[in-house]
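# Structure at a glance
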Amino acid sequence: MLTFKNFNIADWFSFYRILAAPVLLMLIWFDLRLIFTWLLLISYATDAIDGYLARKFKITSPRGSQLDSFGDQVTLIIGLLGLFYFETEFIKTNLLWIILALTPYIIQMIIAYLKYGKATAFHTYLAKLSAVVQSVFILWSLFFSPEYSIFYVMIAIGLLETFEEITLIFMYDNWASDVKGIYWAYKDKRRLKKKP
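An account of the accompanying structure is given in this report. (Residues numbered from 1 in each chain as written. Predicted model: local features only at pLDDT ≥ 70, side-chain atom pairs only at ≥ 80, totals over all residues. Heavy atoms only, no water.)

## Points about the overall build of the chain
A tally of helices and strands in the chain yields eight helices and zero strands. Taken from the N to the C terminus, the helices and strands of the chain come in the order α-α-α-α-α-α-α-α. Here the chain has a C-alpha radius of gyration of 18 Å; the compact-globule value for 196 residues is 16 Å, and the two agree. Along the three orthogonal principal directions, the C-alpha set of the chain runs to about 60 × 40 × 30 Å. As presented, the chain carries roughly 11,600 Å² of accessible surface, and 72% of it is formed by carbon and sulfur atoms. Averaging the positions of the 19 positive and the 15 negative side-chain charges in the chain gives two centres separated by 13 Å. (Helix = DSSP H or I, 4+ residues; strand = E, 2+ residues; numbered from the N terminus. Rg over C-alpha atoms; globule rule 2.2 N^0.38 Å. Areas by Shrake-Rupley, 256 points an atom, 1.4 Å probe, with all protein chains shown as cover. Lys, Arg positive; Asp, Glu negative; His and termini not counted. Charge placed at Lys NZ, Arg CZ, Asp CG, Glu CD.)

Okay, here's the thing in structure tokens:
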């Protein structure tokens, strides 16, 4: 049975992102753009902090990876909802690009749930880069206004990252966490094949 003692400091940063979600939704509801944006910035900052702490103190675990991924997904959804609400015109104008980016992501989630019964937590380098660019775009848009150059870079990296995730799902028969990318997964598979 899990108790609060079973969770480490990195896990609690992930919990913060999950618990902040309803508060952020209320801020959207009350049309408090600036407060929403600052609190969203804090949520994004905790994403960087929890991964750093987990590696520094060697407290990584499959449960922690899953919790981190769930916190990331919740924060991304809340950030996108804020963007939809506060920058409606931009969303309407670029709806086709947004659907183009989100459709493979949804397909990847479905494949993962069908294969593993849960979301992936590969945490590849490309996934980390994609998360940074997404957060920069969303925060820039909310603090100032949407910047098309960042938007197109975000779409391109997001698509690459999603296709990498799909490839990794097909490479790993069992759920795995903290895979750096396709190159490292391929190297790992070759190393395991060479073992007697």
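There's plenty left to go through after this.
## Some thoughts on the pattern of salt bridges
Scanning all chains against the criterion turns up four salt bridges. R17 is the partner of D47 in a salt bridge, and the nearest nitrogen-oxygen pair spans 3.7 Å. You can see D47 sitting in helix α2 (residues 33-56) and its partner R17 sitting in helix α1 (residues 9-29), a full 30 residues away along the chain. D68 is the salt-bridge partner of R17, the closest N and O atoms lying 2.7 Å from each other. Placement of R17 in helix α1 and of D68 in helix α3 (residues 62-86) is noted, with a sequence separation of 51 residues between them. When sorted by exposure, R17 lands in the same class as D68, which is buried. Taken together, the shared-partner salt bridges connect R17, D47, D68 and D72 into one network. (Salt bridge = Lys/Arg side-chain N within 4 Å of Asp/Glu carboxyl O. Buried < 20%, exposed > 50% of the residue type's maximum accessible area, 1.4 Å probe, protein only.)

## Remarks on the packing of aromatic side chains
A complete count under the given rule lists 17 aromatic pairs for this structure. Plain terms: the ring middles of F36 and F86 are 5.7 Å apart, the flat faces sit at 45 degrees to each other, and that makes the pair tilted. Separated by 50 residues along the polypeptide, F36 in helix α2 and F86 in helix α3 bring together distant segments of the chain. One exposure class covers both F36 and F86, and it is buried. Clustering of aromatic rings is evident, with ring pairs tying together F90, W97, F137, Y148, F151 and Y152. One Lys or Arg, K118, reaches over the ring of W175 and ends 4.2 Å from the middle of that ring. (Phe/Tyr/Trp six-rings, centres within 6.5 Å; stacked < 30°, edge-to-face > 60°. Lys NZ or Arg CZ within 6 Å of the ring centre and 35° of its normal.)

## Focus on the packing of helix α5 (residues 95-116) against helix α7 (residues 148-171)
Put simply, α5 and α7 touch, their axes get as near as 10 Å, and they point 20 degrees apart. What the angle tells us is that α5 and α7 run roughly parallel. Crossing angle aside, the handedness with which α5 passes α7 is left-handed. In contact with W97, I98, L100, A101, P104, Y105, Q108, I111, A112, K115 and Y116 of α5, α7 contributes F151, Y152, I155, L159, T162, F163, E165, I166, L168, I169 and F170. (Axes fitted to C-alpha atoms, helices over the stretch in contact; angles between N-to-C directions. Parallel < 35°, antiparallel > 145°, perpendicular 65-115°, else oblique. Left-handed = near helix turned anticlockwise from the far one by under 90°. Contact = heavy atoms within 4.5 Å.)

## Section: helix α6 (residues 125-143)
Structural remark: α-helix, 3.6 residues per turn; residues separated by three or four positions point the same way. In this model, α6 (19 residues) spans 27 Å end to end at C-alpha, consistent with the 27 Å of a helix rising 1.5 Å per residue. For α6, the full list of buried residues reads A127, S130, V133, Q134, S135, F137, I138, L139, S141 and L142. (Expected span 1.5 Å × (residues − 1).)

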